[in-house]
Amino acid sequence: MGDVAMTVPVLRAFVKQHPAIKITMVSRAFFKPFFEGIPNVEFFAVDLNQRHKGILGLYRLYSDLKKSDVDAVADLHNVLRSKIVRAFFTIVGRKIAHIDKGRDEKKALTRAENKIFKPLKSTFERYADVFRELGFQIDLSNPEFPTKQRLSAEVSAISGDKNQKWIGIAPFAKHAGKQYPFDLMREVISELAKNESNKILLFGAGFDEIKLLESFVAQQPNVIVVAGKLNLGQELNLIQNLDLMLSMDSGNAHLAAMFGVKTVTLWGATHPFAGFYPFAQSESNALLSDREKFPLLPTSVYGNKIVSGYEDAMRTISPETVVQKINSLSQTP
């Protein structure tokens, strides 16, 4: 989800700087709400379970897309499926470009021996490079964010009316290596909830996650669980109305950032240097595990690799530090 969300600011910049160009965004149907309202962007829902499944299905995908009179293909994914589809377009003479994911650089950043600890090109710039290779200049340095949409009736029925500072918290991550310990997150939520001018909205997905979030709510009337109660479009409507989002290095950080919402991120086995820092966010909004105590960090690009003895690296980010950062940002416009 995060990778798809990260394309949104790039497409917004592209269509503003090249208003005569039409883009067909190809992705799973679930992600369609990400792209609604972006001028000149048409969404094509790929069906990898049926119509576009397998080699024959990918040929059908090529045939379906060819009907849109495609002049060029920007492969922002560069995986086997997208390589096959772009090969079909190459045969018929269409211009092709694909993302360079910088795998060797990322291995050097995350390896234990001879680590090269330096910031790498952001994924946003890697996406932009694909369009540049196709001949389109694109500048990401002056972003414009969409106008905040009013809360829908369905969303406000869950969230209530907005008469407090709204702080979204997404405490989960796909991999344990980048998930803040729950006992510490409970302290963060409890401390923020002491301020009655705050409303804490908890995001997540899945039965087990929702049950855990519900346990955070007890005796705290200004903490509500929105996980499992909204579809993606409604969730985006809510996120763009937040004052701040607290997230791991995960998709929710990118969802908030694509609306220009202040986003505080917590980093464990991963690191912003790998290029996945949320779009246009201040570097000071990243709270990092202590590399003096855990010098092999980052140990992974995606958080799926934890070095023995590094399981508690995120405990070096104290709840007090998290709360202080959120409070300081909540006081600024």
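Just so we're clear, the structure is a prediction, and the values are computed from it rather than from any experiment.

I'd love a proper account of empty space enclosed by the protein, names of residues and values included.
The tally for this structure, following the rule as stated, stands at 1 cavity of 30 Å³ or more. By volume, the largest cavity amounts to about 30 Å³. In terms of lining, the largest cavity is formed by W267, G268, T270, H271, L288, S289, R291 and L297. The residue makeup of the lining of the largest cavity, split by class, is 3 nonpolar, 4 polar and 1 charged.

An account of the packing of helix α2 (residues 7–17) against helix α7 (residues 123–133) is needed here, citing residue identities and associated values.
In the contact formed by α2 and α7, the axes pass within 9 Å of each other and the chain directions differ by 40°. Classified by the interaxial angle, the pair formed by α2 and α7 is oblique. The crossing of α2 and α7 is right-handed. Of the residues in α7, those touching α2 at T7, P9, V10, L11 and F14 are F124, Y127, A128 and F131. Of the residues that constitute the contact of α2 with α7, the class distribution is 8 nonpolar, 1 polar and no charged.

Any details on the side chain of K106? Residues and values, ideally.
Topologically, K106 is positioned in helix α6 (residues 103–110). Look at K106: it is buried, it has no salt bridge, and the nearest opposite charge is E105 at 7.7 Å. A distance of 2.8 Å separates a polar atom in the side chain of K106 from the backbone oxygen of K101.

Any chance you could break down a positive patch on the surface for me, citing the residues and the numbers?
Taken together, the side chains of K83, R103, K107 and K305 present a region of like positive charge at the surface. Mapped onto the elements of the fold, K305 is located in the loop between β10 (286–288) and α13 (319–330). For K305, a relative accessible area of 55% gives the class exposed.

Describe the packing of helix α9 (residues 182–193) against α13, naming the residues involved and giving the relevant values.
Two elements in contact, α9 and α13, have axes separated by 9 Å at closest approach and are oriented at 40°. Between α9 and α13, the crossing angle belongs to the class labelled oblique. Read as a crossing pair, α9 and α13 show a hand that is right-handed. Contacts from L184, E187, V188, E191 and L192 in α9 reach P319, V322, V323, I326 and N327 in α13. Of the residues that constitute the contact of α9 with α13, the class distribution is 7 nonpolar, 1 polar and 2 charged.

Residues and numbers for the packing of aromatic side chains, please.
Counted under the stated rule, the structure contains 17 aromatic pairs. Measuring from centroid to centroid gives 6.2 Å for F34 and F35, while their planes differ by 50°, and the two rings are tilted. With respect to burial, F34 and F35 carry one shared label: buried. Of the aromatic side chains, those joined through ring pairs into one cluster are F30, F31, F34, F35 and F43. Positioned above the aromatic ring of F117 is the side chain of R291, whose terminal nitrogen or guanidinium carbon lies 3.7 Å from the ring centre.

An account of the environment of M258 is requested, with residue identities and associated values reported.
If you trace the backbone, M258 turns up in the loop between α12 (251–257) and β9 (262–267). For M258, a relative accessible area of 4% puts it in the buried group. Separated by 162 residues in sequence, M258 and I96 have C-alpha atoms that sit 27 Å apart. Not counting residues up to four positions away in its chain, the partners in contact with M258 are A5, V8, P9, F34, F145, P146 and L236.

Got a sec to walk through the nonpolar core? Specific residues and values, please.
Across soluble globular proteins, you tend to see nonpolar side chains buried next to one another. Within the largest apolar cluster, 53 residues are counted, with the highest numbers of intra-cluster contacts made by F34, F35 and F203. For this core, the element with the highest residue contribution is α2, accounting for 6 residues. Apart from residues no more than four positions distant in its own chain, F35 is found in contact with V4, T7, V8, L11, M25, V41 and F43. Grouped together as the second largest cluster of nonpolar side chains are 31 residues, M185, I200, F216 and L246 included.

Tell me about the side chain of N252, and please be specific about residues and values.
The residue N252 is located in helix α12 in this model. Owing to a relative accessible area of 13%, N252 belongs among the buried residues under this scheme. For N252, the contacting residues outside a window of four places in its chain are M1, A170, F203, E235, I239, M245 and S247.

Summarise the layout of surface pockets; cite the residues concerned and give the values.
Of the pockets and cavities examined, the second largest pocket occupies roughly 340 Å³. Of the residues contributing to the lining of the second largest pocket, the split by class is 11 nonpolar, 4 polar and 1 charged.

Kindly report on unusual backbone geometry, identifying the contributing residues and their values.
Of the consecutive residues L297 and P298, the connecting peptide bond is found in the cis state with omega at -5°. Here A280, not a glycine, exhibits a phi torsion of approximately 60°, which is positive. Mapped onto the fold, A280 is located in the loop between β9 and β10.

Definitions and limits used
- The residue numbering used here restarts from 1 in each chain and proceeds along that chain's sequence as written.
- In keeping with the predicted nature of the model, local features appear solely for residues at pLDDT of at least 70, side-chain atom pairs appear and are counted solely at 80 or more, and the whole-chain, interface and lining totals rest on all residues.
- The side-chain figures draw on all heavy atoms in the structure; neither hydrogens nor water molecules are used.
- Cavities and pockets were defined on a 1 Å grid built over protein atoms only: a cavity is a set of grid points that admits a 1.4 Å probe from which the probe cannot escape, a pocket is an open set flanked by protein on both sides within 12 Å along at least five of seven lines, and lining residues are those with an atom within 4 Å of any such point.
- Grid points are joined across faces, edges and corners, and a volume is the space filled by probe spheres set on the points.
- Gly is placed with the polar residues, together with every amino acid not listed as nonpolar (Ala, Val, Leu, Ile, Met, Phe, Trp, Tyr, Cys and Pro) or charged (Asp, Glu, Lys and Arg).
- Simply put, an axis is a line fit to the C-alpha atoms, just over the touching stretch for a helix, and the angle between two N-to-C directions goes from 0 to 180 degrees.
- Numbering of helices and strands starts at the N terminus; helices are DSSP runs of H or I of at least 4 residues and strands are runs of E of at least 2.
- By definition in this entry, angles of less than 35 degrees are roughly parallel, angles greater than 145 are roughly antiparallel, angles of 65 to 115 are roughly perpendicular, and the rest are oblique.
- By definition, any crossing whose near helix is turned counterclockwise from its far helix by less than a right angle is left-handed, and any crossing with a clockwise turn is right-handed.
- Any two residues whose heavy atoms approach within 4.5 Å at even a single point are treated as in contact.
- Partly exposed describes any residue whose relative accessible area lies between the buried limit of under 20% and the exposed limit of over 50%, with all areas from a 1.4 Å probe on protein chains only and scaled to the type maximum.
- The charge count includes Lys and Arg as positive and Asp and Glu as negative, but it does not include His or the ends of the chains.
- One side-chain nitrogen of Lys or Arg within 4 Å of one carboxyl oxygen of Asp or Glu is enough to make a salt bridge.
- Between N or O atoms, a polar contact is any pair within 3.5 Å; within protein, one atom must be a potential hydrogen donor and the other a potential acceptor, and residues adjacent in sequence are included only when both atoms are from side chains.
- Surface patches are defined over residues having more than 30% relative accessible area and no salt bridge, joining like charges when they lie within 9 Å and nonpolar side chains (Val, Leu, Ile, Met, Phe, Trp, Tyr) when within 5 Å.
- Each accessible area value is a Shrake-Rupley result obtained with a 1.4 Å probe; residue values ignore everything except the protein chains displayed when judging cover.
- The atoms used to mark charge sites are NZ of Lys, CZ of Arg, CG of Asp and CD of Glu.
- Classification of ring pairs uses Phe, Tyr and Trp, with its six-membered ring standing for Trp, and accepts pairs whose centres are within 6.5 Å; under 30 degrees between planes counts as stacked, over 60 as edge-to-face, and the remaining range as tilted.
- Look at NZ for Lys and CZ for Arg. If either is within 6 Å of the ring centre and within 35 degrees of the ring normal, a charge sits over the ring.
- Nonpolar cores are built from buried Ala, Val, Leu, Ile, Met, Phe, Trp, Tyr and Cys residues. Side-chain atoms within 4.5 Å join them into one set.

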